[in-house]
Amino acid sequence: MDRLERLTNLVLTLLQEGPPKTLQEIADAVPGYPPPGEARRQAFERDKRTLREQGIVVSTLPVPGPEQVGYRIRPEDFYLQDLDLTPEEQVALNLAVAAVHGGDASGRLGLWRLGAPLPEGPLPEGPLPEGPVQEGPGPGGSGPGSAGPTVAEVPLLPALPVLFSALSRRQGVRFRHGGQERRVVPAQLRFHRGWWYLVGWDVDRRAGRTYRVDRIEDQPRLEEALGPPPEGFDPEAAWTGLPWRAGQEEAVVAQLRVAAPLAPSALEDVGPSATVAEEPDGSVVLTLEVTNRAALRSWLLDFGEHAELLGPPALREELIRWLEGQAEGPTGAEPEDDGAPPGLAGSERRPGLGTGGRTAPRTDRGSRDAGSRLLRLLAVLTVLARQGRMPLRALADRFGTSPEELQADLELAACCGLPPYTPDQLMEIIVGDEEVEAHLDPALARPRRLTPAEGLALVAAGRAVAGVPGLAEDGAALAQALAKLEASLGARGVLSVDLDEPAYLPTVRRALEERQRLAVRYWVAGRDEEVAREVDPVALTSARGHWYLVAQTPGTGDLRRYRVDRILAAEPTGRPAEASAAGDLTEGAVEAEATVVQLAVDAEGRRLLEGVPALEVEERPGGGAVATLAVSGEAWLGRLLVRLGPHGRLLAPASLASLGPTTARRILQRYGKNAEKSKST
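Residues numbered from 1 in each chain as written. Predicted model: local features only at pLDDT ≥ 70, side-chain atom pairs only at ≥ 80, totals over all residues. Heavy atoms only, no water.

1. Side note on the nonpolar core
Nonpolar side chains tend toward joint burial in soluble globular proteins. Inclusion rule: What we call a nonpolar core is a set of buried Ala, Val, Leu, Ile, Met, Phe, Trp, Tyr and Cys residues that are connected through their side-chain atoms within 4.5 Å. Think of it in three bands: residues with accessible area under 20% of the maximum for their type are buried, residues over 50% are exposed, and the middle band is partly exposed, with areas taken using a 1.4 Å probe on protein chains only. A run of DSSP states H or I qualifies as a helix once it reaches four residues; a run of E qualifies as a strand once it reaches two. Both are numbered from the N-terminal end.
Judged by nonpolar contacts, the single largest core of 73 residues is most densely connected at Phe164, Leu189, Trp196, Val213, Leu495, Val497 and Trp547. Residue contributions to this core peak at eight residues, all from helix H15 (residues 452-466). Among the nonpolar cores identified, the runner-up in size contains 53 residues, and Val11, Leu384, Ala396 and Met427 belong to it.

2. So, the pairing of strand E23 (residues 595-601)
One face of the sheet, then the other: side chains in a regular strand alternate in exactly this way. We apply this condition: What makes two strands pair is DSSP finding at least two bridges between them.
Sheet analysis places E23 next to strand E25 (residues 625-631), joined by seven bridges and oriented antiparallel. Among the inter-strand pairings, Leu599 is bridged to a residue of E25, identified as Ala627. Across four bridges, the pairing between E23 and strand E26 (residues 648-652) is antiparallel. Residue pairing in the sheet places Ala600 in a bridge with Arg649 of E26.

3. Let's talk about the packing of helix H7 (residues 160-169) against H15
Counted only if it meets this: All axes are obtained by fitting lines to C-alpha atoms, using only the stretch in contact for helices, and the reported angles, taken between N-to-C directions, cover 0 to 180 degrees. For classification, angles of less than 35 degrees are called roughly parallel, those exceeding 145 degrees roughly antiparallel, those between 65 and 115 degrees roughly perpendicular, and all remaining angles oblique. By definition, residues are in contact when any of their heavy atoms lie within 4.5 Å. Residues were grouped as follows: Ala, Val, Leu, Ile, Met, Phe, Trp, Tyr, Cys and Pro as nonpolar; Asp, Glu, Lys and Arg as charged; and all remaining residues, including Gly, as polar.
At their nearest, the axes of H7 and H15 sit 8 Å apart, and the two run at 85° to each other. Between H7 and H15, the angle is such that the two are roughly perpendicular. Mapping the contact onto sequence places Leu160, Pro161, Phe164 and Ser165 in H7 and Pro452, Ala453, Gly455, Leu456 and Val459 in H15. Its residues assigned to classes, the contact of H7 with H15 shows seven nonpolar, two polar and no charged.

4. A look at the pattern of salt bridges
Note that side chains of opposite charge can pair when their charged atoms are close. In plain terms, the rule: For this document, the term salt bridge refers to a Lys or Arg side-chain nitrogen within 4 Å of an Asp or Glu carboxyl oxygen.
Here the structure, examined in full by the defined rule, presents 47 salt bridges. A salt bridge links Lys48 to Glu45, with the nearest nitrogen and oxygen atoms 3.5 Å apart. Linking Lys48 with Glu45, this pair stays in helix H3 (residues 38-53), spanning three residues, or about one helical turn. Judged by its relative accessible area of 16%, Lys48 is buried.

5. Side note on the pairing of strand E15 (residues 428-431)
Burial along E15 is one-sided: Ile429 and Val431 are buried, while Glu428 and Ile430, pointing the other way, are not. With antiparallel pairing between neighbouring strands as the criterion, E15 and strand E16 (residues 435-439) make up a hairpin whose turn holds three residues.

6. Describing the side chain of Arg448
The test is simple: In this tally, Lys and Arg are treated as positive and Asp and Glu as negative; His is ignored, and so are the chain termini.
Mapped onto the fold, Arg448 is located in the loop between E16 and H15. Salt bridges are absent for the buried Arg448, whose nearest opposite-charge side chain, Glu454, sits at 5.5 Å. When sequence neighbours within four positions are dropped, the list of residues in contact with Arg448 reads Gln54, Gly55, Ile56, Phe78, Tyr79, Leu80, Arg113, Leu375 and Leu378.

7. A few points about the side chain of Asp409
Rules: A 3.5 Å cut-off defines polar contacts: any pair of N or O atoms within that distance qualifies, except that in protein one atom must be a possible hydrogen donor and the other a possible acceptor, and neighbouring residues in sequence count only when both atoms are side-chain atoms.
Checked against the element boundaries, Asp409 lands in helix H14 (residues 403-413). Within the structure, Asp409 has its side chain in polar contact with the side chain of Arg376 (distance 2.7 Å). Residues in contact with Asp409, not counting those within four places in the same chain, are Leu4, Arg373, Arg376 and Leu377.

8. Brief notes about the state of the cysteines
For the record, the criterion: Only a pair of cysteine sulfur atoms within 2.5 Å counts as a disulfide in this structure description.
Counted by the stated rule, this structure contains zero disulfides. Here Cys415 stays unpaired: no disulfide links it, and the sulfur of Cys416, its closest cysteine neighbor, is 6.8 Å away. For Cys415, a relative accessible area of 42% translates into the label partly exposed. Relative accessible area serves as the criterion here: at 0%, Cys416 is assigned to the buried category.

These values are about where atoms sit, not about what they do.
Rendered as structure tokens:
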């Protein structure tokens with residue numbers, strides 16, 4: 001028996017009016033359970049867990065008799081309660097979902113449950129499309145950005161709904177992270193600088209911890225018996241979203257200087273965590289507490305020769321030794337062992353698409369397990385209960401599946417119902433090759449309560465738009481809608497979305513809204529140079545932790561992408577922007593000036609590549625990979641090679657073999673000059 005059939009019959013049976021049903025009564029009513037014994041109990045517990053993970057609450061209640069425990073699905077736990085949204089609040093929530101791309105249809109399906117029309121056409125699902133991250137002056141437009149309504153990408157990872165469900169129900173979770181089993185009482189979910197984090201109390205380590213969600217190694221499981229965190233636990237104190245704070249090393253206070261062109265970008269990165277001293281030339285001196293030296297080194301070297309670690313002396317000497325090691329690296333010799341770092345030679349190549357680290361690890365559940373199929377089937381039955389009949393292909397398109405798969409599930413549903421499963425007790429569904437007709441219980445037309453994925457998507461979209469001043473057309477209505485939504489989900493204050501607010505974001509947004517041409521000065525990180533030009537804004541998008549302006553070059557129609565925190569100055573010219581016929585820019589192609597390179601990295605090097613979109617990734621044993629990237633400037637690639645150090649090697653093209661050592665020597669010159677200067681004084 002297909003497990004979907006058993007789950008469907010179980011839901012229909014437990015929704016029946018009357019006293020709770022014991023496990024024996026459930027097994028008698030629902031075909032497919034094993035004979036009495038431990039196997040039956042385990043099968044039922046698996047089904048209960050599946051329903052719970054999909055947002056279907058099975059209540060456990062006392063009953064008379066030897067079993068003492070009965071089960072039911074209470075209508076108030078299954079059907080959606082009326083949130084009493086005003087028309088203005090509904091519109092504000094609709095606009096927020098339209099403005100935020102989560103990568104699947106959860107937000108739009110959630111709106112449908114709240115009363116919005118089911119959208120026409122296929123609902124999007126799956127991971128966000130990837131393109132090479134390139135920026136600034138150059139032909140074409142690629143990478144994040146859209147000329148449509150999307151203003152922010154907040155990818156919804158597969159692990160998030162379970163974590164959100166645990167937060168809403170005040171339950172614990174169990175998962176693997178860093179190669180170890182973790183039992184955690186969640187306190188917050190935070191989207192920060194392009195990554196999702198879980199903040200909570202680690203029960204076994206008896207301490208607050210922050211976990212990056214995409215690094216969870218399996219699908220989290222709910223744990224009911226962990227209890228609350230200790231009194232006085234402060235999630236803000238446990239929050240360590242900054243990479244140089246995400247470690248258990250002894251804390252040291254580091255001081256560094258960032259030159260004027262990149263000072264705004266550095267200030268965006270550190271936020272309020274650093275002490276800042278501005279210097280007359282526009283550079284900044286930052287004082288940071290560090291518990292992860294490798295992460296600080298990687299972040300600092302991304303600024304190249306425009307940043308310098310001033311102290312403490314031991315940390316500075318450690319960085320200089322790293323740079324000296326890279327300066328003496330390969331100078332164009334053919335790499336041995338297929339160019340792989342130690343431990344990677346002779347491994348099998350398997351082509352794959354780079355995801356920038358934003359998809360959760362695969363699990364053995366599969367993308368179409370019985371639980372997700374059940375959710376889709378229940379939503380389809382709601383539509384059919386309301387409309388009676390629909391074309392099969394249109395119905396399949398609405399729910400992101402093939403007509404053949406939906407036809408099979410509906411034919412199975414036609415065999416589901418209540419005991420004794422005679423024709424009058426089965427769901428009346430007639431599935432043809434072209435059309436589906438159904439005569440169903442009117443109760444099935446009622447919208448089911450939001451699933452954890454749908455609730456998460458709605459709250460995340462609302463928080464993303466509400467978090468940046470001026471983004472919401474009606475901020476008060478959106479705030480009221482979020483308050484009602486979070487209260488109904490039991491999720492008040494448990495989720496935040498932090499989008500950066502670079503200095504020139506209001507200027508850029510205003511120019512986009514008023515269709516005004518802008519004069520900008522911009523730092524092109526790929527080439528380490530400043531440029532000045534006039535641009536016509538087309539779209540504004542937050543992706544991978546940064547805001548991007550997609551703009552058209554006047555008179556040419558060329559679209560280019562600018563990271564807003566690298567805009568050094570922006571002023572309206574007083575002239576209107578030219579009309580643009582730009583379409584969707586999210587799926588980028590390799591720009592004409594881009595260079596395609598191949599890198600071999602070990603497991604640690606692969607972590608440094610997280611967030612860098614790849615054209616192709618070939619897996620290696622031990623967690624390593626060969627990554628194919630498109631880069632638009634040698635300066636950026638040189639800094640990446642220095643950051644990778646012994647954890648990566650450039651395979652191709654051979655003409656760039658000396659780029660890493662050359663970049664390391666250029667950065668060392670800055671330290672050498674300062675050293676000589678300090679000796680003379």
